[in-house]
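Structural overview
As a plain string of letters, each chain reads:
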Amino acid sequence: MRKIIHILAISMLLILSTSCGQVKPYETDAFAMGTVISQEVYGSNSQKTSDEVITKIKYLETLLTINAPDGDINKLNGNAGKGYVELNPGTVSVLQSARKISGLSGGAFDVTVGPVVKAWGIGTDNPQVPTEATLKDLVSLIDYADIHLDEAGNMACLQRPGQIIDVGGIAKGYAGDVAKAIYQKNGHKSAFINLGGNVVVLGHKPDGNAWNIGIQNPRSETGEVVGAVQVTDKAVVTSGDYQRYFEKDGKRFCHIIDPQTGYPAESGLMSVTIIASSSAEADGLSTACFVLGLDKGLDLVKRYGQAEAIFITTNKKIHLTKGLQGNFQLKDANNEYTVIQEG
Ligand code: FAD
Ligand code: MG
């Protein structure tokens with residue numbers, strides 16, 4: 001008898017928690033890919049699903065990191081100029097997305113930027129300004145056309161010795177897509193993941209409302225938001241000059257490199273947020289748009305077609321693409337920013 005009462009009590013508790021509309025998500029934070037990864041998963045087995053997502057992301061990190069000796073990316077880099085290497089299908093998928101965004105952006109996004117990223121060392125303990133001569137040398141190694149893929153055989157090769165692939169600008173985006181696929185596979189209808197500025201939401205929130213995603217004020221020391229957008233089933237990915245940088249002689253050198261010059265991009269932008277279905281492509285696009293600047297960035301978003309964007313300029317203008325009309329809410333306590341709605 002006691003057993004039946006016990007089971008009844010548990011099921012009552014479950015109904016209670018759902019009937020008063022206070023559906024609670026399983027919330028977790030973890031650390032991977034150099035950043036905090038926050039999740040909110042609704043529905044049964046949400047803890048199991050969250051754990052599955054983190055295990056998968058940590059596995060992807062072993063494949064895609066440039067910061068550890070083995071793994072696919074370093075295998076590919078170690079074999080540069082020497083022929084094809086076999087890779088995990090996930091790595092090939094990241095390289096395919098990278099090449100797509102490189103082609104669309106005219107090389108503004110280019111994962112073969114690795115030698116230059118390494119020379120600057122931004123995000124490491126000893127960032128430095130390389131000499132002109134060094135950068136001139138290293139820029140000659142940047143060319144996404146030198147990435148050759150054999151998709152059917154899950155093989156890839158880098159054409160020239162000394163070339164280095166760095167997927168820091170797209171791999172977190174890919175991880176966001178993988179997380180969403182796991183949420184869907186496990187039957188969840190509402191979930192949220194944030195990988196250091198790379199947000200992916202599944203569906204609506206359980207109460208039927210859209211997710212409200214904050215856009216960081218690029219010059220706030222305390223991570224305040226400057227606005228928010230309402231999204232369902234989208235990736236919201238931001239790249240900016242405030243995420244990783246160092247200052248020398250009063251000048252800010254950020255981690256996003258212009259592949260043309262080998263210098264950190266100075267495009268008149270402080271951040272670019274892309275809202276799209278593919279988190280990997282949004283990640284590449286946000287980096288590309290940051291390098292291209294406002295006008296060419298808006299043109300790239302238009303040509304890509306299935307995305308909206310928020311460009312925040314160094315003179316504190318917030319440019320919104322057409323589909324965000326009436327969606328973006330400004331939250332600018334100090335009245336520093338002006339919103340401009342693009343056609
Ligand atoms: P985005 O703004 O999306 O892109 C900037 C990053 O992309 C740069 O950091 C550089 O890596 C690369 N990049 C720069 N310019 C270009 C360009 N024009 N085209 C293409 N790519 C460009 N950080 C740590 O501190 N420690 C770690 O151990 C660590 N491990 C990581 C492992 C993985 C698998 C990944 C994906 C990231 C890791 N990171 C780590 C973070 C990484 O070093 C980058 O700083 C981070 O990915 C930048 O994220 P972002 O969204 O700001 O980049
Ligand atoms: Mg990016």
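First, a word on what this report is: a plain description of the structure on this page. (Residues numbered from 1 in each chain as written. Chains lettered and ligands numbered in written order. Predicted model: local features only at pLDDT ≥ 70, side-chain atom pairs only at ≥ 80, totals over all residues. Heavy atoms only, no water.)

1. Things to note about helix 8 (residues 279-292)
Think of an α-helix as 3.6 residues a turn; residues three or four steps apart then line up on the same face. Over its 14 residues, helix 8 runs 20 Å from end to end, which matches the ideal 20 Å to within 8%, given 1.5 Å per residue. Here helix 8 lies mainly inside the structure; 13 of its 14 residues are buried. G293 lies just past helix 8 and shows a positive phi near 90 degrees. (Helix = DSSP H or I, 4+ residues; strand = E, 2+ residues; numbered from the N terminus. Expected span 1.5 Å × (residues − 1). Buried < 20%, exposed > 50% of the residue type's maximum accessible area, 1.4 Å probe, protein only.)

2. Focus on the sheet that holds strand 13 (residues 269-276)
Pairing in this open sheet of nine strands is mixed, and the strands run 1-2-6-7-10-13-14-15-17 from one edge to the other. Looking at strand neighbours, the two that pair on one side only are strand 1 (26-32) and strand 17 (338-341), the edges of this open sheet. Here the average twist between neighbouring strands, direction ignored, is 15 degrees. Helix 2 (residues 46-64) rests against strand 1, strand 2 (35-41) and strand 6 (191-195) of the sheet, and its axis sits at about 15 degrees to strand 1. Packed onto the sheet, helix 7 (residues 171-185) meets strand 2, strand 6 and strand 7 (198-202) and runs at close to 20 degrees relative to strand 7. (Pairing = 2+ DSSP bridges. Axes fitted to C-alpha atoms, helices over the stretch in contact; angles between N-to-C directions. Contact = heavy atoms within 4.5 Å.)

3. Notes on unusual backbone geometry
Positive phi outside glycine occurs at N45, with the angle close to 55 degrees. Counting through the fold element by element, N45 comes out in the loop between strand 2 and helix 2. With phi around 60 degrees, K316 is a residue other than glycine that occupies positive phi space.

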